[in-house]
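Results of the structural survey
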Amino acid sequence: MIGLISATVAGAAARDRLAAAWPDRTRVYEGPVGDAVRAAFAECEQLVCFLATGAVVRLVAPLLGDKASDPGVVCVDEGGRFAVSLVGGHGGGANELAGEVGELLGALPVVTTATDAVGVPGLDTLGFPVEGDVAGVSRAVLDGEPVALKADFAWPLPPLPVTSEGSYAIRLTDRLVEPAAHEVVLRPPSLVVGVGASQGAPVEEVLGLVEAALRDAGLSARSIAELATVDAKAGEPGIVEAAARLGVPLVTYSAEELAQVDVPNPSDAPLAAVGTPSVAEAAALVRGGELLVPKRKSDRPDGQPAMATCAVVRRPARGRLTVVGLGPGARDLLTPRAKAELRRASVLVGLDQYVDQIRDLLRPGTRILESGLGAEEERARTAVEEARKGQAVALIGSGDAGVYAMASPALAEASDDIDVIGVPGVTAALAAAAILGAPLGHDHVSISLSDLHTPWEVIERRVRAAAEADIVVTFYNPRSRGRDWQLPKALAILAEHREPTTPVGVVRNASRPDEASRLTTLAALDPATVDMMTVVTVGNTATRDIAGRMVTPRGYRWQEGDK
């Protein structure tokens, strides 16, 4: 919950805007400001104070305890010009909150955390438990000192400016090790603990078994991703409470699923009880991985039969491939989600000229794999291969990456062993349409006239279908030096079904500094004025030139009114 505190009418107006926008996230604190701040500090995860920073400093100073547990505090000035991350930038989420508040109120986020200022992710913001010399290693990163990455296995980390050797180190491991001097240990969620239990098994027995199994194997409980069991045990109190105390989700599988898993230690007892010869090992192994701790039974001090079993598996990291659409070229048409994904990726794959467009957005340590025109399939394979190594990869394309771009070849290469995320972008057709007016107001289709990968016979059949169906057509890749006859042929096909006066919009380099556009007609368009940087949009029989803008009505009532 976010506590909202204000002292003036102007502050209250901005406060109420946040409260209206985030009704489920915020709580307004009324009354004397000091009392309101103290109450919100004790009850909320974050605070937004519409007060001077000096006043807030004095009010929260006596309340501060530990940066890992203190709420994040953001200050907004009376004029609503700035949203200042004051306390708990990382641990309390104030840096991110300042950005959200700024976006909503039109204020400039002010973040002074050193790592954020230079574009390096904070070691305590990676989403993993972290131990060791966080301040010292972070300072070494900021000072440009060599910091070594020591990873026991691959994991999709964000970009970090690290080397193979250095006097400071970041260690990624699920092993039960103490951080060395000048070292930070990151605990990725790599361990899955399969659990079985008899009815009524006490939580102390289940939890004690899990902790002992991990300790004896030299594994850290902070790297547990989940407890896993059979569906029949989904409500078993001892298992449910053990997961809650460990702070991890409880995942269940059907007996039929678990019975299909090949395990080293099957048993007749669970087969008779729940319908599968293994619960603990099968639940841990069902999604693959390395069995680190085979089935182990609990020890009961009273000498009675064990009521719990567990097994531990290390699952391989799933690489992350994000296919990002950069839009038509203008920076303000690059979506916030695309920017966030570019900064999250440790490996960037793309066409060299597209990499140049967004190079300044990349974080230090990002590995860039760029190539020239004509290497689309190679880039797609490279991106998938890097993701399969457990990396966080961004594959970029112009416009929307799924429209005549990189998503299709990448997903043709990818299998279910990696996570694939698509980030939409503004397409060239949409950017051109916005410049022309509203040519896509009714049914429309995009057709590429490039026959490098598609036979012309197929392209021509699609153009004829669009012409006969009276659909607005946007032509991509309309004309190049080596392909100068396809556009005239396509226009001739459309002319068989449309009047010579049909509006045609021509836009070159939509949204870029050298953007050029014009509105002409089907009869007047000179194909020689079109190149590969141009998008050509041909209207249907309802499309009109209205005040120099190309407009296709949503229905055909305009036509009826013209009669």
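Residues numbered from 1 in each chain as written. Predicted model: local features only at pLDDT ≥ 70, side-chain atom pairs only at ≥ 80, totals over all residues. Heavy atoms only, no water.

Scanning the protein for helices and strands turns up 19 helices and 28 strands. Projecting the C-alpha coordinates of the protein onto the three principal axes gives extents of approximately 95 × 65 × 55 Å. Here the protein holds 563 residues, and 47% of them are scored as buried. Total accessible area on the protein stands at roughly 26200 Å², and carbon and sulfur atoms take up 51% of it. (Helix = DSSP H or I, 4+ residues; strand = E, 2+ residues; numbered from the N terminus. Buried < 20%, exposed > 50% of the residue type's maximum accessible area, 1.4 Å probe, protein only. Areas by Shrake-Rupley, 256 points an atom, 1.4 Å probe, with all protein chains shown as cover.)

One open sheet accounts for 4 strands, arranged S7-S10-S9-S8; its pairing is mixed. In this open sheet, the two strands that pair with only one neighbour each are strand S7 (130-132) and strand S8 (147-151). Put simply, the sheet's adjacent strands are angled 20 degrees from each other on average, direction ignored. For S7 and strand S10 (residues 183-186), the ladder comprises 3 bridges, and the chain directions are antiparallel. The partner of valine 130 across the bridge, within S10, is leucine 186. (Pairing = 2+ DSSP bridges. Axes fitted to C-alpha atoms, helices over the stretch in contact; angles between N-to-C directions.)

Turning our attention to the sheet that holds strand S6 (residues 108-110). Pairing is mixed across the open sheet formed by 6 strands, whose spatial order is S2-S1-S3-S4-S5-S6. Unpaired on one side and paired on the other, strand S2 (26-28) and S6 mark the two borders of the sheet. Each adjacent strand pair in this sheet contributes to an overall mean axis angle of 25 degrees, direction not counted. As defined by bridge partners, strand S1 (residues 2-6) adjoins strand S3 (residues 46-50) across 5 bridges and the pair is classed as parallel.

Now for the pattern of salt bridges. For the structure shown, the criterion picks out 28 salt bridges. Measuring nitrogen to oxygen at the nearest pair gives 3.7 Å for the salt bridge that ties arginine 287 to glutamate 226. You can see arginine 287 sitting in the loop between helix H11 (280-285) and strand S14 (290-297) and its partner glutamate 226 sitting in strand S12 (residues 224-230), a full 61 residues away along the chain. The salt bridge partner of aspartate 531 is arginine 508, with a shortest N-O separation of 2.8 Å. A residue pair is termed long-range when its members are at least 10 positions apart, and aspartate 531 in the loop between strand S25 (516-521) and strand S26 (534-538) and arginine 508 in strand S24 (residues 503-508) qualify at 23 residues. Here aspartate 531 falls in the partly exposed class, since its relative accessible area comes to 24%. By relative accessible area, arginine 508 is classed as partly exposed at 30%. (Salt bridge = Lys/Arg side-chain N within 4 Å of Asp/Glu carboxyl O.)

We now examine the state of the cysteines. Here the structure, examined in full by the defined rule, presents 0 disulfides. Looking at cysteine 44, it has no disulfide partner, and the nearest cysteine sulfur is the one in cysteine 49, 10 Å off. (Disulfide = S-S within 2.5 Å.)

Within S3, 5 of the 5 residues are buried, which leaves it mostly tucked inside the rest of the structure. Residues Gln46, Val48 and Phe50 line one face of S3 and the alternating positions Leu47 and Cys49 line the opposite face, and both faces are buried. One ladder, built from 4 bridges, connects S3 with strand S4 (residues 72-76); its direction is parallel. Looking at S4, one finds that leucine 47 is bridged to valine 73.

Here we come to the pairing of strand S9 (residues 168-172). Most of S9 sits inside the fold, with 4 of its 5 residues counted as buried. Bridge count for S8 against S9 is 5 bridges, and the pairing is parallel. Each residue of the ladder has a partner; that of lysine 150, found in S9, is arginine 171.

As a further point, take the packing of aromatic side chains. The geometry of two aromatic rings is summed up by the distance between their centres and the angle between their planes. Enumeration over the complete set of coordinates arrives at 3 aromatic pairs. Pairing tryptophan 456 with tryptophan 485 gives two aromatic rings, centres 5.0 Å apart and planes at 70 degrees, and the pair type is edge-to-face. Taken as a pair, tryptophan 456 in helix H17 (residues 456-468) and tryptophan 485 in the loop between strand S23 (472-476) and helix H18 (486-495) lie far apart in primary sequence, 29 residues in all. Since its relative accessible area comes to 42%, tryptophan 485 is described here as partly exposed. The ring of tryptophan 22 has arginine 25 lying over it, and the distance from NZ or CZ to the ring centre is 4.4 Å. (Phe/Tyr/Trp six-rings, centres within 6.5 Å; stacked < 30°, edge-to-face > 60°. Lys NZ or Arg CZ within 6 Å of the ring centre and 35° of its normal.)

All right, on to unusual backbone geometry then. Located in the positive-phi region is asparagine 477, a residue other than glycine, with phi close to 45 degrees. When you line up the elements, asparagine 477 lands in the loop between S23 and H18. If you check the backbone angles, alanine 547 has positive phi at about 55 degrees while not being a glycine. On the accessibility criterion, alanine 547 (66% relative accessible area) is exposed.

The subject of this paragraph is the environment of leucine 149. Within the fold, leucine 149 resides in strand S8. Along the chain, leucine 149 and alanine 431 lie 282 residues apart, while their C-alpha atoms are 43 Å from each other. Excluding residues that lie within four positions of it along the chain, leucine 149 makes contacts with Leu157, Val162, Thr163 and Ile170. (Contact = heavy atoms within 4.5 Å.)

Two elements in contact, helix H1 (residues 9-21) and helix H4 (residues 94-105), have axes whose closest approach is 11 Å; the angle formed by their N-to-C orientations is 105 degrees. On the basis of the axis angle, H1 is roughly perpendicular to H4. Here Ala14, Arg17, Leu18 and Ala21 of H1 come into contact with H4, specifically with Val101, Leu104 and Leu105. Its residues placed into classes, the contact of H1 with H4 shows 6 nonpolar, no polar and 1 charged. (Parallel < 35°, antiparallel > 145°, perpendicular 65-115°, else oblique. Nonpolar A, V, L, I, M, F, W, Y, C, P; charged D, E, K, R; others polar.)

What follows covers the side chain of serine 450. Summarising the element assignment, serine 450 is placed in the loop between strand S22 (444-448) and H17. A polar atom in the side chain of serine 450 sits 3.4 Å from the backbone nitrogen of leucine 452. Leaving out residues up to four positions away in the same chain, serine 450 has contacts with Ile459, Asn477 and Arg483. (Polar contact = N/O pair within 3.5 Å; in protein donor to acceptor, adjacent residues only side chain to side chain.)

A word on helix H2 (residues 33-43). Within the sequence span of H2, burial applies to Gly34, Ala36, Val37, Ala40 and Phe41. Projected down its long axis, H2 carries its buried residues within an arc of 160 degrees, all on one side. Residues of H2 that are buried in the fold lie against S1, S3 and helix H3 (53-60). (Arc of directions from axis to C-beta.)

What follows is about the side chain of lysine 233. In this fold, lysine 233 is placed in the loop between S12 and helix H8 (237-246). Given a relative accessible area of 15%, lysine 233 falls into the buried group. When neighbours within four sequence positions are excluded, lysine 233 is seen to be in contact with Ala197, Ser198, Gln199, Ile239 and Val274.

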